[in-house]
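Observations on the model geometry
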Amino acid sequence: ELAGKVAIVTGAARNIGRAIALSLAAGGAKVAVNTRANLDQAKGVVDEVKALGSDAEAYAADVADPAAVRGMVDKIAARFGRIDLLVLNAAIREHAAFEEISFEDWRRILATDLDSAFVFTQACLPAMKKAGGGVIVTFAGVTALLGLKGRPHVAATKHGIVGLTKALAQDLCEYNIRVNCVSPGQIDTSRAPGAERPNRMREIPLGRKGTPFEIAGMVRALCGPTGAYMTGQTIHINGGLSNSGV
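Now for a look at the structure at hand. (Residues numbered from 1 in each chain as written. Predicted model: local features only at pLDDT ≥ 70, side-chain atom pairs only at ≥ 80, totals over all residues. Heavy atoms only, no water.)

Once that is clear, we can look at the overall build of the protein. Scanning the protein from terminus to terminus reveals seven helices and seven strands. Each helix (α) and strand (β) of the protein, taken in turn from the N terminus, gives the series β-α-β-α-β-α-β-α-β-α-α-β-α-β. Scaling as 2.2 N^0.38, a compact globule of 246 residues should have a C-alpha radius of gyration of about 18 Å, and the protein matches this with 17 Å. In the protein, which comprises 246 residues, the proportion classed as buried is 48%. Considering only residue pairs separated by 6 or more positions, the protein has 75% of its internal contacts joining residues 24 or more positions apart. Put simply, the protein shows about 11000 Å² of open surface, and 52% of that area lies on carbon and sulfur atoms. (Helix = DSSP H or I, 4+ residues; strand = E, 2+ residues; numbered from the N terminus. Rg over C-alpha atoms; globule rule 2.2 N^0.38 Å. Buried < 20%, exposed > 50% of the residue type's maximum accessible area, 1.4 Å probe, protein only. Contact = heavy atoms within 4.5 Å. Areas by Shrake-Rupley, 256 points an atom, 1.4 Å probe, with all protein chains shown as cover.)

This part takes up the layout of surface pockets. Taken as a whole, the second largest pocket spans an internal volume of roughly 210 Å³. As for the second largest pocket, its lining consists of 17 residues, of which Lys5, Gly134, Val135, Arg178 and Cys223 are closest to the centre. Residue classes in the lining of the second largest pocket are distributed as seven nonpolar, five polar and five charged. (1 Å grid on protein atoms, 1.4 Å probe; cavity = no way out; pocket = protein on both sides within 12 Å on 5 of 7 lines; lining within 4 Å. Points joined across faces, edges and corners; volume = space filled by probe spheres on them. Nonpolar A, V, L, I, M, F, W, Y, C, P; charged D, E, K, R; others polar.)

As a further point, take helix H7 (residues 212-223). Spanning twelve residues, H7 covers 17 Å between terminal C-alpha atoms, matching the ideal 16 Å at 1.5 Å per step. Among the residues of H7, those classed as buried are Pro212, Ile215, Ala216, Val219, Leu222 and Cys223. All buried residues of H7 fall inside an arc of 120° around its axis, so they share one side. Packed against the buried residues of H7 are helix H1 (15-26), strand S4 (85-87), strand S5 (134-139), strand S6 (177-184) and strand S7 (234-237). (Expected span 1.5 Å × (residues − 1). Arc of directions from axis to C-beta.)

Another aspect to go through is unusual backbone geometry. The phi torsion at asparagine 15 lies on the positive side, around 55°, for a residue other than glycine. Along the chain, asparagine 15 turns up in helix H1. Although it is not a glycine, asparagine 176 sits at a positive phi angle of roughly 65°. Here asparagine 176 is to be found in the loop between helix H6 (152-172) and S6. A residue is classified by how much of its surface remains accessible, and asparagine 176, at 51% relative accessible area, is exposed.

Pasting the structure below:
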(Lines give C-alpha, C1' and ligand atoms only; values in the text may rest on other atoms or scores of the structure.)
Protein backbone atom coordinates (compact mmCIF):
# COMPACT_ATOMS: atom_id res chain seq x y z
CA GLU A 1 0.00 0.00 0.00
CA LEU A 2 3.04 2.30 0.29
CA ALA A 3 4.64 1.40 -3.05
CA GLY A 4 6.29 4.42 -4.64
CA LYS A 5 6.46 6.34 -1.36
CA VAL A 6 9.68 7.57 0.26
CA ALA A 7 9.91 7.70 4.05
CA ILE A 8 12.30 9.35 6.48
CA VAL A 9 12.50 7.66 9.87
CA THR A 10 14.57 9.41 12.52
CA GLY A 11 16.33 7.44 15.22
CA ALA A 12 15.92 4.33 13.10
CA ALA A 13 19.09 2.39 13.89
CA ARG A 14 17.42 0.27 16.58
CA ASN A 15 14.35 -0.38 18.71
CA ILE A 16 11.10 1.31 17.62
CA GLY A 17 12.75 3.25 14.80
CA ARG A 18 14.16 0.08 13.26
CA ALA A 19 10.77 -1.63 13.51
CA ILE A 20 9.11 1.34 11.80
CA ALA A 21 11.65 1.35 8.97
CA LEU A 22 11.08 -2.37 8.36
CA SER A 23 7.29 -2.07 8.60
CA LEU A 24 7.15 0.78 6.09
CA ALA A 25 9.48 -1.14 3.80
CA ALA A 26 7.23 -4.20 4.07
CA GLY A 27 4.44 -1.91 2.85
CA GLY A 28 6.51 -0.99 -0.19
CA ALA A 29 8.10 2.30 0.88
CA LYS A 30 11.71 3.27 0.28
CA VAL A 31 13.32 4.34 3.54
CA ALA A 32 15.90 6.92 4.62
CA VAL A 33 17.29 5.53 7.88
CA ASN A 34 18.48 8.33 10.17
CA THR A 35 20.82 7.96 13.12
CA ARG A 36 22.88 10.39 15.14
CA ALA A 37 25.90 8.17 15.80
CA ASN A 38 25.06 4.48 15.23
CA LEU A 39 25.85 4.44 11.51
CA ASP A 40 26.89 0.77 11.45
CA GLN A 41 23.57 -0.23 13.04
CA ALA A 42 21.71 2.03 10.61
CA LYS A 43 23.46 0.33 7.70
CA GLY A 44 22.34 -2.98 9.14
CA VAL A 45 18.73 -1.74 9.01
CA VAL A 46 19.32 -0.70 5.40
CA ASP A 47 20.41 -4.26 4.63
CA GLU A 48 17.23 -5.58 6.30
CA VAL A 49 15.08 -3.21 4.25
CA LYS A 50 16.77 -4.30 1.03
CA ALA A 51 16.21 -7.95 2.00
CA LEU A 52 12.48 -7.10 1.99
CA GLY A 53 12.79 -5.97 -1.63
CA SER A 54 12.76 -2.21 -1.05
CA ASP A 55 15.42 0.49 -1.27
CA ALA A 56 17.06 2.34 1.61
CA GLU A 57 20.04 4.41 2.64
CA ALA A 58 21.52 5.40 6.00
CA TYR A 59 22.12 9.03 6.98
CA ALA A 60 24.03 10.21 10.04
CA ALA A 61 22.74 13.55 11.32
CA ASP A 62 21.96 15.04 14.72
CA VAL A 63 18.26 15.94 14.67
CA ALA A 64 19.00 18.76 17.14
CA ASP A 65 21.23 20.48 14.54
CA PRO A 66 19.05 22.47 12.10
CA ALA A 67 21.81 22.76 9.48
CA ALA A 68 22.46 19.01 9.61
CA VAL A 69 18.74 18.28 9.29
CA ARG A 70 18.29 20.51 6.26
CA GLY A 71 21.40 19.08 4.63
CA MET A 72 20.18 15.51 5.21
CA VAL A 73 16.71 16.25 3.83
CA ASP A 74 18.24 17.79 0.70
CA LYS A 75 20.37 14.66 0.18
CA ILE A 76 17.35 12.38 0.63
CA ALA A 77 15.24 14.37 -1.83
CA ALA A 78 18.08 14.23 -4.37
CA ARG A 79 18.70 10.51 -3.79
CA PHE A 80 15.10 9.28 -3.93
CA GLY A 81 13.44 12.05 -5.93
CA ARG A 82 10.64 12.73 -3.46
CA ILE A 83 9.61 12.68 0.22
CA ASP A 84 6.17 11.41 1.23
CA LEU A 85 6.41 10.15 4.81
CA LEU A 86 8.17 11.68 7.81
CA VAL A 87 8.33 9.71 11.05
CA LEU A 88 9.83 11.73 13.92
CA ASN A 89 10.84 8.95 16.26
CA ALA A 90 14.24 10.21 17.54
CA ALA A 91 14.18 11.41 21.15
CA ILE A 92 16.17 11.63 24.37
CA ARG A 93 14.49 10.15 27.45
CA GLU A 94 16.71 11.04 30.38
CA HIS A 95 15.79 10.62 34.04
CA ALA A 96 16.87 13.12 36.73
CA ALA A 97 15.56 14.87 39.82
CA PHE A 98 14.08 18.25 38.90
CA GLU A 99 16.58 20.26 40.98
CA GLU A 100 19.48 18.47 39.26
CA ILE A 101 18.42 19.36 35.71
CA SER A 102 20.58 22.15 34.35
CA PHE A 103 19.20 24.69 31.90
CA GLU A 104 21.63 23.28 29.33
CA ASP A 105 20.12 19.80 29.81
CA TRP A 106 16.62 21.28 29.57
CA ARG A 107 17.46 22.96 26.26
CA ARG A 108 19.22 19.84 24.91
CA ILE A 109 16.12 17.70 25.52
CA LEU A 110 13.84 20.31 23.93
CA ALA A 111 16.15 20.65 20.92
CA THR A 112 16.12 16.90 20.23
CA ASP A 113 12.55 16.05 21.17
CA LEU A 114 10.61 19.16 20.10
CA ASP A 115 12.66 21.66 18.08
CA SER A 116 13.64 18.89 15.67
CA ALA A 117 10.00 18.29 14.73
CA PHE A 118 9.67 21.95 13.74
CA VAL A 119 12.90 21.92 11.71
CA PHE A 120 12.22 18.59 9.97
CA THR A 121 8.68 19.57 9.01
CA GLN A 122 9.80 22.87 7.49
CA ALA A 123 12.67 21.13 5.68
CA CYS A 124 10.43 18.40 4.21
CA LEU A 125 7.48 20.63 3.33
CA PRO A 126 8.63 21.68 -0.17
CA ALA A 127 9.21 18.06 -1.24
CA MET A 128 5.89 16.91 0.25
CA LYS A 129 4.01 19.71 -1.49
CA LYS A 130 5.72 18.81 -4.76
CA ALA A 131 4.67 15.17 -4.24
CA GLY A 132 1.05 16.25 -3.83
CA GLY A 133 0.81 15.50 -0.11
CA GLY A 134 2.23 13.32 2.60
CA VAL A 135 2.05 12.04 6.14
CA ILE A 136 3.91 13.15 9.25
CA VAL A 137 3.94 11.00 12.37
CA THR A 138 5.23 12.54 15.60
CA PHE A 139 5.92 10.77 18.89
CA ALA A 140 4.72 11.64 22.38
CA GLY A 141 4.67 9.07 25.19
CA VAL A 142 3.19 7.96 28.47
CA THR A 143 5.55 10.36 30.25
CA ALA A 144 3.47 13.25 28.95
CA LEU A 145 0.21 11.42 29.63
CA LEU A 146 0.88 10.60 33.28
CA GLY A 147 3.62 13.02 34.32
CA LEU A 148 6.47 10.74 35.38
CA LYS A 149 8.65 11.75 38.32
CA GLY A 150 12.17 12.58 37.24
CA ARG A 151 11.17 13.51 33.71
CA PRO A 152 9.75 17.05 33.75
CA HIS A 153 11.86 18.03 30.72
CA VAL A 154 10.70 15.02 28.71
CA ALA A 155 7.06 15.51 29.74
CA ALA A 156 7.20 19.16 28.68
CA THR A 157 8.58 18.33 25.24
CA LYS A 158 6.06 15.56 24.64
CA HIS A 159 3.14 17.83 25.56
CA GLY A 160 4.64 20.29 23.10
CA ILE A 161 4.68 17.59 20.43
CA VAL A 162 0.97 16.89 20.98
CA GLY A 163 0.15 20.58 20.59
CA LEU A 164 2.39 20.94 17.55
CA THR A 165 0.73 17.91 15.95
CA LYS A 166 -2.74 19.40 16.35
CA ALA A 167 -1.64 22.76 14.96
CA LEU A 168 0.27 21.30 12.01
CA ALA A 169 -2.76 19.18 11.10
CA GLN A 170 -4.68 22.42 10.65
CA ASP A 171 -1.87 24.29 8.90
CA LEU A 172 -0.93 21.57 6.43
CA CYS A 173 -4.27 20.04 5.47
CA GLU A 174 -4.53 22.38 2.48
CA TYR A 175 -1.46 20.62 1.07
CA ASN A 176 -2.97 17.16 1.61
CA ILE A 177 -0.52 16.49 4.44
CA ARG A 178 -1.87 14.58 7.42
CA VAL A 179 -0.18 14.87 10.84
CA ASN A 180 -0.79 12.44 13.70
CA CYS A 181 0.96 11.54 16.93
CA VAL A 182 1.74 8.08 18.32
CA SER A 183 2.11 7.89 22.11
CA PRO A 184 3.72 4.61 23.27
CA GLY A 185 3.63 3.21 26.78
CA GLN A 186 6.24 0.84 28.16
CA ILE A 187 7.85 -0.86 25.18
CA ASP A 188 10.38 -3.69 25.37
CA THR A 189 13.47 -1.90 24.05
CA SER A 190 17.11 -1.51 24.95
CA ARG A 191 17.91 1.86 26.49
CA ALA A 192 21.07 3.85 27.05
CA PRO A 193 22.34 4.41 30.63
CA GLY A 194 20.33 7.18 32.28
CA ALA A 195 17.31 6.58 30.07
CA GLU A 196 15.81 3.77 32.14
CA ARG A 197 12.49 4.41 33.84
CA PRO A 198 10.65 2.74 36.72
CA ASN A 199 8.95 -0.54 35.86
CA ARG A 200 5.16 -0.02 35.88
CA MET A 201 4.21 -3.55 34.90
CA ARG A 202 1.72 -3.93 37.75
CA GLU A 203 -0.16 -0.89 36.43
CA ILE A 204 -0.57 -2.22 32.86
CA PRO A 205 -3.95 -3.97 32.47
CA LEU A 206 -2.65 -6.16 29.64
CA GLY A 207 0.13 -7.29 31.98
CA ARG A 208 3.10 -6.89 29.64
CA LYS A 209 5.26 -4.43 27.80
CA GLY A 210 4.55 -3.67 24.18
CA THR A 211 6.83 -4.61 21.31
CA PRO A 212 8.47 -2.22 18.83
CA PHE A 213 6.52 -3.81 15.96
CA GLU A 214 3.21 -3.13 17.73
CA ILE A 215 4.11 0.57 17.60
CA ALA A 216 5.39 0.26 14.04
CA GLY A 217 2.14 -1.33 12.89
CA MET A 218 0.20 1.75 13.93
CA VAL A 219 2.69 4.03 12.17
CA ARG A 220 2.31 2.00 8.97
CA ALA A 221 -1.48 2.20 9.24
CA LEU A 222 -1.35 5.99 9.70
CA CYS A 223 0.92 6.32 6.66
CA GLY A 224 -1.33 4.30 4.36
CA PRO A 225 -4.94 4.36 3.17
CA THR A 226 -6.19 2.99 6.49
CA GLY A 227 -5.36 6.34 8.08
CA ALA A 228 -6.60 8.51 5.22
CA TYR A 229 -9.30 10.22 7.32
CA MET A 230 -7.14 10.77 10.41
CA THR A 231 -5.27 13.96 11.17
CA GLY A 232 -4.47 15.92 14.32
CA GLN A 233 -4.94 12.83 16.49
CA THR A 234 -2.88 11.34 19.33
CA ILE A 235 -3.07 7.54 19.47
CA HIS A 236 -2.12 5.97 22.81
CA ILE A 237 -0.59 2.49 22.61
CA ASN A 238 0.10 1.54 26.22
CA GLY A 239 -1.72 -1.67 27.09
CA GLY A 240 -4.37 0.27 29.00
CA LEU A 241 -1.85 1.99 31.29
CA SER A 242 -4.12 5.00 31.23
CA ASN A 243 -7.45 5.59 29.54
CA SER A 244 -7.25 9.37 29.82
CA GLY A 245 -6.09 11.56 26.96
CA VAL A 246 -3.89 14.64 26.46
